Amino acid sequence: MYTHLVTTPAVERFQESQSRRDASRAHADQTVNALSIDVEDYFQVSAFAPFIERSEWDRIPCRAEANVERILALLAENNAKATFFTLGWIAERHPGIVRSIVEQGHELASHGYGHQRASDQTPNEFTADIVHAKALLEDLGGVAVRGYRAPSFSINQDNLWALECIREAGYRYSSSIYPVKRDHYGMPDAPRFAYAALPDLVEVPPTTVELFNRNWPAAGGGFFRLLPYAMSRWLLQRVNRVDGEPCMFYFHPWEMDPSQPRVPGIDAKTRFRHYVNLNRMEDRLGQLLKDFRWDRVDRVFLRSAV
Ligand SMILES: [Zn+2]
């Protein structure tokens, strides 16, 4: 009787689906995802722009250097490589950061020079910023810089001309269009996975999860600090297992720094988004590095080119 039970079509279907699920889990566990860090200091965050004048930047003590060193140590501990989208303004003042990134085998990429949103610039201003940053980083790092990320994912349907500028400046890929709908950024209809935005220019979107007919941000930033870690892990696993695609995750050095000075006078929403769970970030990142496999963006998404 028991033998008969275990061979019914329903049981066979169940066993098949289990083995398919196991195979897909195994696949997910082998997926190499892309890890990225946007190297800027806390006082350069776009949401603080109305509260901190650019002319003040040079007078504020820099914390990015020490925070990048902690990130590099955490990556080395976990045997992971990453891409550092580095701001030219920071690289120029702290070239040791650039040297450490390159020496430790990570990818040096560009976050532009002055951290102005692409959407606030003319094509000429934008081009001048990204050309200057690329030359500066290549000079300091002694390596070709092929990746660019616009500040605050500020490329969308209204300024797609920026992609042409990025290609003409000599970059091979961009990671600047977030396919979500948010108040300050996003292009919800853009593709969710890496695509040729132009001939010779790959766009690598930050990771989203498609649920209930819309895209939800799952690539890091404030959401990673706000959501319970298990939820973030589930979202990223879903991209590996259900979509069968690698993830593109990002964070900032200031997110590892709970004792950074508080910016006075900011509104409640900005305060919440910037400071929520900063003290949990280092532990969560450590767990993330253990739960997934991570590598540089160029090696994950430009395989034929490296
Ligand atoms: Zn940024």
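In this text the structure is predicted, and so the values were computed from the model without any measurement. (Residues numbered from 1 in each chain as written. Predicted model: local features only at pLDDT ≥ 70, side-chain atom pairs only at ≥ 80, totals over all residues.)

## Brief notes about the overall build of the protein chain
Then, in step 1: If you tally the helices and strands in the protein chain, you get 12 helices and 11 strands.
Then, in step 2: Relative to its full complement of 306 residues, the protein chain shows a buried share of 41%. (Helix = DSSP H or I, 4+ residues; strand = E, 2+ residues; numbered from the N terminus. Buried ≥ 20, exposed ≤ 12 C-beta atoms within 10 Å, placed from the backbone.)

## Looking at the environment of V102
Then, in step 1: Mapped onto the secondary structure, V102 falls in helix α5 (residues 95-103).
Then, in step 2: Separated by 18 residues in sequence, V102 and F84 have C-alpha atoms that sit 9.5 Å apart.
Then, in step 3: Excluding residues within four positions of it along the chain, V102 makes contact with L108, G141, G142 and V143. (Contact = placed C-beta atoms within 7 Å.)

## Some remarks on the packing of helix α3 (residues 64-77) against α5
Then, in step 1: At a minimum axis distance of 10 Å, the contact between α3 and α5 shows a crossing angle of 10°. As summarised for this structure, α3 and α5 are arranged roughly parallel, according to the angle between their axes. Listed contacts from α5 to E65, V68, E69 and L72 of α3 are G96, I97 and S100.
Then, in step 2: Tallied by class, the residues present in the contact of α3 with α5 amount to 3 nonpolar, 2 polar and 2 charged. (Axes fitted to C-alpha atoms, helices over the stretch in contact; angles between N-to-C directions. Parallel < 35°, antiparallel > 145°, perpendicular 65-115°, else oblique. Nonpolar A, V, L, I, M, F, W, Y, C, P; charged D, E, K, R; others polar.)

## Focus: the nonpolar core
Then, in step 1: Counting residues in each nonpolar core, the largest one holds 68 residues, and the members touching the most others are V39, F84, A91, L137, A162, I166 and F301.
Then, in step 2: Ranked by the residues each element gives to this core, the list is headed by helix α6 (residues 123-141), at 6 residues.
Then, in step 3: F301 has contacts with A34, Y173, A194, V202 and V204, leaving out every residue within four places of it along the chain. (Core = buried A, V, L, I, M, F, W, Y, C linked by C-beta atoms within 7 Å.)

## Focus on unusual backbone geometry
Then, in step 1: Positive phi, normally seen in glycine, also occurs at H115, with a value near 55°.
Then, in step 2: Along the polypeptide, H115 turns up in the loop between β3 (107-110) and α6.
Then, in step 3: On the neighbour-count criterion, H115 (23 C-beta atoms within 10 Å) is buried.
Then, in step 4: Of note, N213 is a non-glycine position whose phi angle comes to about 65°, a positive value.
Then, in step 5: Note that N213 resides in the loop between β8 (208-211) and β9 (214-217).
Then, in step 6: Since 5 C-beta atoms lie within 10 Å of it, N213 is described here as exposed.

## Remarks on the pairing of strand β2 (residues 83-86)
Then, in step 1: With burial as the criterion, each face of β2 is covered, one bearing T83 and F85 and the other bearing F84 and T86.
Then, in step 2: Two strands pair when backbone bridges link them, and strand β1 (residues 32-39) and β2 are joined in this way by 4 bridges, in the parallel orientation. Residue pairing in the sheet places I37 in a bridge with F84 of β2.
Then, in step 3: Handedness of the β-α-β unit built from β1, α3 and β2 comes out right-handed.
Then, in step 4: In terms of strand pairing, β2 meets β3 through 4 bridges, oriented parallel. Across the sheet, residue T86 finds its bridge partner in β3, namely S110. (Pairing = 2+ DSSP bridges. Right-handed = clockwise from strand over helix to strand, strands pointing away.)

## Quick notes on α6
Then, in step 1: End to end, α6 covers 27 Å across 19 residues, agreeing with the expected 27 Å (1.5 Å per residue, within 8%).
Then, in step 2: Contacts made by the buried residues of α6 are with β2, α4 (88-93), α5, β3, β4 (147-148) and α7 (161-168).
Then, in step 3: Phi turns positive, to about 70°, at G142, one or two residues after α6. (Expected span 1.5 Å × (residues − 1).)

## Details of the packing of α5 against α6
Then, in step 1: Interhelical geometry of α5 versus α6 gives an angle of 65° and a closest axis separation of 9 Å. Comparing their axes, α6 and α5 come out roughly perpendicular. Regarding α5 and α6, the two cross each other, and that crossing is right-handed. Here α5 contributes P95, V98 and V102 to the contact with α6, which in turn contributes L137, L140 and G141. (Left-handed = near helix turned anticlockwise from the far one by under 90°.)

## Quick look at the environment of R225
Then, in step 1: Of note, R225 is situated in helix α8 (residues 222-226).
Then, in step 2: Leave out the neighbours within four places in its chain, and R225 touches E255, V276, N277, L278, R280 and M281.

## Let's talk about the pairing of strand β10 (residues 248-251)
Then, in step 1: Burial along β10 is two-sided: M248 and Y250 facing one way and F249 and F251 facing the other are all buried.
Then, in step 2: Of the strand pairs in this sheet, β1 and β10 are connected by 4 bridges, and their pairing is parallel. Bridging from a neighbouring strand, L35 pairs with F249 of β10.

## Concerning the confidence of the model for the protein chain
Then, in step 1: Averaged over all residues, the pLDDT of the protein chain is 90; the fraction at 70 or higher stands at 90%.
Then, in step 2: In this model, residues 1-8 is a region of pLDDT below 50 whose contacts with residues beyond four sequence positions or in other chains number 3 contacts. (pLDDT = per-residue confidence, 0-100.)

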